[in-house]
Amino acid sequence: MTENIVSVRDLETTFYSKVGGFRAVNRISYDINKGETLGIVGESGCGKSVTSFSLMRLIEHPGKITNGQVLLQGRDLLKLSEPEMEMVRGGEMAMIFQEPMTALNPVLTIGAQIDEQILKHRKVTPIEAKERSIEMLNLVGIPSPSDRYHNYPHQLSGGMRQRAMIAMALSCDPTFLIADEPTTALDVTIQAQILELIQGLQEKLNMTVQFITHDLGVISEISDRVLVMYGGQTCEVAETQELFSHPRHPYTAALISSRPKFGQRVRRLKTIEGSVPAPYEYPPGCPFTNRCPFATEICQLEKPPLRELSSGHTVACFHPVE
């Protein structure tokens, strides 16, 4: 029997502006089991990163979590006080941010930043914290970890900075790891190394992972299941192979058909017609309505419920692709 680690229920995050509030995350729900990797994929602005920041309770003004539950091993993180949540962040759950150069403190050495996290969450001496930091730098494949421990972020390459951030995230053995587009700014060779590193550490530590990206190739390689988002809502959830073989939501099918195929030369790649509307322009129904070739009046007026079309394959669409 699989053990459920993360349960998100009707999560809603709203941002407020002069023209009113808009839901960057609009009542999404999903579960992640122990040792599983759930990939979240979608275009820029679809709500992937806001979902992760909501789970970590790092949403700042003018944003606010306005509804839902985030259960980590049965405990609702949205009901914790800020001091209690600070002990969860970096301890039971951790996050690899998209851009390490902005996430790491430029005036502190890499070692000092990892030490700080370990000392906060573990009952250890400063000497033991340093030993653990060097051990983690070695674990993520940074050469000469004892020397790199004393380096500042600007003294490391992009790939090394990302490895240092992974070392920091894993330094306290989190149960749940969120990786928010951790390979976006890296070249293809370094990207492959980082993906291999995350997969290897996940197997070694039996972690539960939420992996966010807009890259379908990365998702197909690293995820057990995939959640497709558009306009702050869930479009489709399925096992990775099932999703790529039999996409049922028109948006998922369009995404998959628009990517280049190995060994196939085409003059022009397929594109999704239309453009993503501004957040305050979304219809009350399906957010993909204005770009969907199968849309009817009901799609414009009513939000489609998530329905299970086959075992483990759920779709939010009134007209799923056959």
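Everything here concerns the structure above.
Quick caveat, the model's predicted, so the values are computed rather than measured.

Student: Can you lay out the layout of surface pockets for me, pointing to particular residues and giving the numbers?
Tutor: Of the pockets and cavities examined, the largest pocket occupies roughly 550 Å³. Looking at the lining of the largest pocket element by element, the count peaks at five residues for helix 4 (residues 110–121). Residues of the lining of the largest pocket, tallied by class, amount to 11 nonpolar, five polar and four charged.

Student: Quick rundown of the side chain of Q117? Include the residues and the values.
Tutor: Assignment of secondary structure puts Q117 in helix 4. One polar contact links the side chain of Q117 to the main-chain carbonyl oxygen of M168, over a distance of 2.7 Å. Apart from the residues within four sequence positions on either side, Q117 is in contact with G90, M168, A169, S171 and C172.

Student: For the packing of helix 5 (residues 126–139) against helix 7 (residues 158–170), give the residues involved together with the corresponding values.
Tutor: Where helix 5 meets helix 7, the axes come as close as 9 Å, and the angle between the chain directions of the two elements is 130°. With respect to helix 7, the axis of helix 5 lies oblique. As helix 5 packs across helix 7, the resulting crossing turns out to be right-handed. For the pair helix 5 and helix 7, contact is made by R132, M136 and L137 and by A164, A167 and L170, respectively. Looking at the contact of helix 5 with helix 7 residue by residue, the classes come out as five nonpolar, no polar and one charged.

Student: I'd like a description of the state of the cysteines, backed by residues and values.
Tutor: Under the defined criterion, the tally for this structure stands at zero disulfides. The closest cysteine sulfur to the non-disulfide-bonded C286 is located on C299, 6.3 Å from its own sulfur. Residue C286 is classed as buried on the basis of its relative accessible area of 12%.

Student: Lay out helix 5 in plain terms, naming residues and giving numbers.
Tutor: Between its terminal C-alpha atoms helix 5 stretches 20 Å, which fits the 20 Å expected from 14 residues at 1.5 Å a residue. Among the residues making up helix 5, those that are buried are A129, R132, S133, I134, M136 and L137. Summarising the contacts, the buried residues of helix 5 are in contact with helix 4, helix 6 (145–148) and helix 7. G141, located one to two residues past helix 5, shows a positive phi value of around 85°.

Student: Would you mind going over empty space enclosed by the protein in detail, with residue names and values included?
Tutor: Here the structure, examined in full by the defined rule, presents four cavities of 30 Å³ or more. The volume enclosed by the largest cavity comes to roughly 80 Å³. Lining the largest cavity we find H249, P250, C286, F288, T289, C292, A295, C299, P304, A316, C317 and F318. Residues of the lining of the largest cavity, tallied by class, amount to 10 nonpolar, two polar and no charged. Taken as a whole, the second largest cavity holds about 50 Å³ of empty space. Lining the second largest cavity are Y230, Q233, T234, C235, H249, C286, P287, K303, P304 and A316. Top element by residues in the lining of the second largest cavity is strand 10 (residues 233–239). It accounts for three residues. Residues of the lining of the second largest cavity, tallied by class, amount to six nonpolar, three polar and one charged.

Student: An account of the environment of N151 is requested, with residue identities and associated values reported.
Tutor: Following the sequence through the fold, N151 ends up in the loop between helix 6 and helix 7. Separated by 42 residues in sequence, N151 and T109 place their C-alpha atoms 5.3 Å apart. Among the polar contacts made by the side chain of N151, one reaches the side chain of R148 at a distance of 2.9 Å.

Conventions adopted
- Residues numbered from 1 in each chain as written.
- Predicted model: local features only at pLDDT ≥ 70, side-chain atom pairs only at ≥ 80, totals over all residues.
- Heavy atoms only, no water.
- 1 Å grid on protein atoms, 1.4 Å probe; cavity = no way out; pocket = protein on both sides within 12 Å on 5 of 7 lines; lining within 4 Å.
- Points joined across faces, edges and corners; volume = space filled by probe spheres on them.
- Helix = DSSP H or I, 4+ residues; strand = E, 2+ residues; numbered from the N terminus.
- Nonpolar A, V, L, I, M, F, W, Y, C, P; charged D, E, K, R; others polar.
- Polar contact = N/O pair within 3.5 Å; in protein donor to acceptor, adjacent residues only side chain to side chain.
- Contact = heavy atoms within 4.5 Å.
- Axes fitted to C-alpha atoms, helices over the stretch in contact; angles between N-to-C directions.
- Parallel < 35°, antiparallel > 145°, perpendicular 65-115°, else oblique.
- Left-handed = near helix turned anticlockwise from the far one by under 90°.
- Disulfide = S-S within 2.5 Å.
- Buried < 20%, exposed > 50% of the residue type's maximum accessible area, 1.4 Å probe, protein only.
- Expected span 1.5 Å × (residues − 1).

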